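Residues per chain, in single letters:
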Amino acid sequence: MTLLEARGLGKHFGGLHAVQDVDLDVHPGHVTAIIGPNGAGKSTLFNLLAGFYRPTSGTVRMDGRDITGMSPHRIVAHGIARTFQTTSLFGDATVLDNVLSGRIVRSRSTVVDAVLHTPRHRREERTNLDKAMEVLEFTGLTEYRNDLAARVPQEAQKRVSIALALATEPQLLLLDEPAAGLTEEETEGFARLIRRIVDRGVTVCLVEHRMSMVMSLADHILVLDHGREIASGTPDAVRTDPQVIEAYLGTHHDDGPDHNADSNSADHNSADHNGADKNTTGRDVAGRGAEKGGNTC
Ligand SMILES: Nc1ncnc2c1ncn2[C@@H]1O[C@H](COP(=O)(O)OP(=O)(O)OP(=O)(O)O)[C@@H](O)[C@H]1O
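Residues numbered from 1 in each chain as written. Predicted model: local features only at pLDDT ≥ 70, side-chain atom pairs only at ≥ 80, totals over all residues. Heavy atoms only, no water.

Caption draft 1: Quick look at the packing of aromatic side chains. This model, assessed by the stated rule, comprises two aromatic pairs. Aromatic side chains F13 and Y53 sit 5.3 Å apart centroid to centroid with 75° between the ring planes, which places their arrangement in the edge-to-face category. Here Y53 lies in the loop between helix 1 (42-50) and strand 4 (57-62) and F13 lies in strand 1 (residues 4-13), a separation of 40 residues in the sequence. According to the relative accessible area criterion, F13 is partly exposed, its value standing at 35%. Given the relative accessible area of 29%, Y53 is considered partly exposed. (Phe/Tyr/Trp six-rings, centres within 6.5 Å; stacked < 30°, edge-to-face > 60°. Helix = DSSP H or I, 4+ residues; strand = E, 2+ residues; numbered from the N terminus. Buried < 20%, exposed > 50% of the residue type's maximum accessible area, 1.4 Å probe, protein only.)

Laid out in structure tokens, this is it:
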């Protein structure tokens, strides 16, 4: 059974083919990771799935329904929520209000209900508050609920983004580089949180450069390079795939001391997109594979 199915998905920006002919099957209850060097098309693919970009070609079906080209708002209503690499919170609003904003998509009451303070409106307000408080507790943010989002630590802001997404009651959560900029310990905490999200019945699709996180969480990995799928399969299959090794190592010239550190990929995540970043990312996959017991990748 497939929860989300993309077929022949493509996105061109002028002459640039950011995503080309990509097929993706996301199975319920699984963690699906999308990896690839910088500029491979991972975020563009997420934007196509979440409705932020309209595909140039191909289709997306969610739970059997064609959602191709729908607006982000409608796609959220169909059960797909997306977080961003850099947090996109309302900094001047409290953490609670940020999370409550995720409830709009599930609200049925009209402006008239709000003005007249109808029973339906009051009922929804209570439900929305209960739901927001539940996801705040789930994500460990209760203590921050009355703080301005811009004032809480960066790691907590990332959890607020996840809490906001969970407040929309998604079936599928798209997480774009959740570990970017986090310490090793924080990354482990995020990996545990993602596992708990899956345990609560939300399917997760993940774009992430931290290979330790990807390899430990993913059931299935799609590898992109230059917008195209170059491999797809289990973490073990992908790690030893010659084309994946080539994509990550093909352009790198320096097997220097930063060969194996995941923290390098955190640095790289916040860097500008350039060739050097791509090489650093490649060494990360290779190094991690070697650490994990002699895999060639
Ligand atoms: N809105 C846009 N307009 C023009 N080009 C774009 C746009 N968005 C992305 N691109 C280009 O499409 C290609 C794929 O970018 P994308 O951000 O999807 O890659 P990525 O795999 O997510 O990279 P990274 O790992 O660095 O985040 C890149 O060449 C990028 O410059």
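The discussion continues.
Caption draft 2: Representation of the site of the ligand within the structure. The immediate surroundings of the ligand are formed by 16 residues, with N38, G39, K42, S43 and T44 found nearest. In the model, a nitrogen atom of the ligand is placed 3.2 Å from a nitrogen or oxygen of the Y53 side chain. Here the ligand has 640 Å² of accessible area as a free molecule, and 70% of this is covered by the chains. Within the residue set of the shell around the ligand, elements represented by two or more residues are strand 2 (16-26) and helix 1. Ranked by residues supplied to the shell around the ligand, first place goes to helix 1 with three residues. (Near = heavy atom within 4 Å. Polar contact = N/O pair within 3.5 Å; in protein donor to acceptor, adjacent residues only side chain to side chain. Areas by Shrake-Rupley, 256 points an atom, 1.4 Å probe, with all protein chains shown as cover.)

Caption draft 3: The sheet that holds strand 7 (residues 172-176), seen in detail. Spatially, six strands are ordered 6-7-8-3-9-10 in an open sheet, and the strand pairing comes out mixed. Each edge of the open sheet is held by one strand with a lone partner, namely strand 6 (80-82) and strand 10 (228-233). Pairs of neighbouring strands in the sheet enclose a mean axial angle of 15°, with direction left out of account. Of the pairings in the sheet, the one linking strand 6 to strand 7 comprises three bridges and is parallel in character. In the strand pairing of strand 7, R82 is matched with L174. In this fold helix 7 (residues 184-199) packs onto strand 3 (31-35), strand 7 and strand 8 (203-207), with an angle of close to 150° to the strand it touches most, strand 8. (Pairing = 2+ DSSP bridges. Axes fitted to C-alpha atoms, helices over the stretch in contact; angles between N-to-C directions. Contact = heavy atoms within 4.5 Å.)

Caption draft 4: Fine view of the sheet that holds strand 5 (residues 65-66). Read across the sheet, four strands follow the order 2-1-4-5 without closing on themselves; strand pairing throughout is antiparallel. With one partner strand each, in any of the chains shown, strand 2 and strand 5 form the two edges of the open sheet. Pairing of strand 1 with strand 2, which is carried by seven bridges, proceeds in the antiparallel orientation. Across the sheet, residue K11 finds its bridge partner in strand 2, namely V19.

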